[in-house]
Amino acid sequence: DRTSHHGMEFIVAALSHNLIEPIVEAGCAAITINASDINNPAILDSASKSGKPILLSTLLASENEIKWAINRLTNQGSTDIILLHGQHAMASTGEPLSVNDTSLGYINILRKKYNLPVGFTDHTPFEWMPACAAAAGAKVITKHLIPSRKDKTPDWFISLEPQEMENAIKQSKMVYKSIIDRKKT
């Protein structure tokens, strides 16, 4: 209720297959499979059996791992799968990801290769990057939210504060609307 009250969806990254049933009972709208679990059959199977939409994170995954996970999910009956493209800051230096390392062009490669919608996991420090991902074709964008970067909690350096997140969402929606609006002005 708290998320829907604020116009958001309750989407959970379950860190164990044992957590999937309880989060579904708690009302989650979708399940994210973390990049570290893309080759974890127990989590993939449990997520598939939940009947919920699945956001499959491909960060750090090889092409073979992506294909294997998609096949596993679809063989279990999953039909609502969204791939999440991106790079993880921890895979490089532990610093925010640079724009040069986002490979936004890969969004359309994944979409064409697997015939699935593709989103973007943004690990840059920039408020405007989600709008760039929308322009590149991302259908879903994930971004860390933090009350204040002064707290220096995990991932603080790639997180947006509430007003920045609000701006990022507005910018992304404007870009997306301009792309789907096919009128000549």
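In short, a report on the structure.

1. A short note on helix α4 (residues 63-75)
Then, in step 1: When the terminal C-alpha atoms of α4 are compared, their 18 Å separation across 13 residues agrees well with the 18 Å that a helix rising 1.5 Å per residue should span.
Then, in step 2: Within the span of α4, buried status applies to Ile66, Ala69, Ile70 and Leu73. The buried residues of α4 all sit within an arc of 100° when viewed along its axis, so they share a single face. Exposed residues lying more than 90 degrees from the buried face of α4 are Asn64 and Asn75.
Then, in step 3: Immediately beyond the C-terminal end of α4, within one or two residues, lies Gly77, with a positive phi of roughly 105°.

2. Remarks on the environment of Arg182
Then, in step 1: For Arg182, the location among the structural elements is in the segment after α7 (162-180).
Then, in step 2: Along the sequence, Arg182 and Val99 sit 83 residues apart, while their C-alpha atoms lie 28 Å from each other.

3. Here's the deal with the environment of Ala47
Then, in step 1: Its place among the elements puts Ala47 in helix α3 (residues 41-50).
Then, in step 2: Taking the relative accessible area as the measure of exposure, Ala47 reaches 0% and is therefore buried.
Then, in step 3: Sequence-wise, Ala47 and Leu19 are 28 residues apart; in three dimensions their C-alpha atoms are separated by 9.8 Å.

4. Overview of the packing of aromatic side chains
Then, in step 1: Using the criterion set out here, one finds 2 aromatic pairs in the structure.
Then, in step 2: Centre to centre, the rings of Phe126 and Trp128 are 4.8 Å apart; their planes meet at 20°, and the pair counts as stacked.
Then, in step 3: In this structure Phe126 comes out as partly exposed when scored by relative accessible area, which is 29%.
Then, in step 4: We classify Trp128 as partly exposed; its relative accessible area is 40%.
Then, in step 5: Centroid distance Trp156 to Phe157: 6.0 Å. Interplanar angle 85°. Geometry classified as edge-to-face.
Then, in step 6: We classify Trp156 as partly exposed; its relative accessible area is 27%.
Then, in step 7: Lying over the aromatic face of Trp156, Lys152 brings its terminal NZ or CZ to 4.1 Å of the ring centre.

5. Some remarks on a nonpolar patch on the surface
Then, in step 1: A cluster of nonpolar side chains, Tyr176, Ile179 and Ile180, forms an exposed patch at the surface whose accessible area comes to about 250 Å².
Then, in step 2: Along the chain, Ile179 turns up in helix α7.
Then, in step 3: You can call Ile179 partly exposed: its relative accessible area is 35%.

6. Section: the pairing of strand β4 (residues 81-86)
Then, in step 1: Burial within β4 is extensive, with 6 of its 6 residues counted as buried.
Then, in step 2: With burial as the criterion, each face of β4 is covered, one bearing Ile81, Leu83 and His85 and the other bearing Ile82, Leu84 and Gly86.
Then, in step 3: For strand β3 (residues 54-57) and β4, the ladder comprises 4 bridges, and the chain directions are parallel. Counterpart to Ile54 in the pairing with β4 is Ile81.
Then, in step 4: For the handedness criterion, the β-α-β arrangement of β3, α4 and β4 is classed as right-handed.

The rules behind these values
Residues numbered from 1 in each chain as written. Predicted model: local features only at pLDDT ≥ 70, side-chain atom pairs only at ≥ 80, totals over all residues. Heavy atoms only, no water. Helix = DSSP H or I, 4+ residues; strand = E, 2+ residues; numbered from the N terminus. Expected span 1.5 Å × (residues − 1). Buried < 20%, exposed > 50% of the residue type's maximum accessible area, 1.4 Å probe, protein only. Arc of directions from axis to C-beta. Phe/Tyr/Trp six-rings, centres within 6.5 Å; stacked < 30°, edge-to-face > 60°. Lys NZ or Arg CZ within 6 Å of the ring centre and 35° of its normal. Patch = residues over 30% accessible without salt bridge, like charges linked within 9 Å, V, L, I, M, F, W, Y side chains within 5 Å. Areas by Shrake-Rupley, 256 points an atom, 1.4 Å probe, with all protein chains shown as cover. Salt bridge = Lys/Arg side-chain N within 4 Å of Asp/Glu carboxyl O. Pairing = 2+ DSSP bridges. Right-handed = clockwise from strand over helix to strand, strands pointing away.

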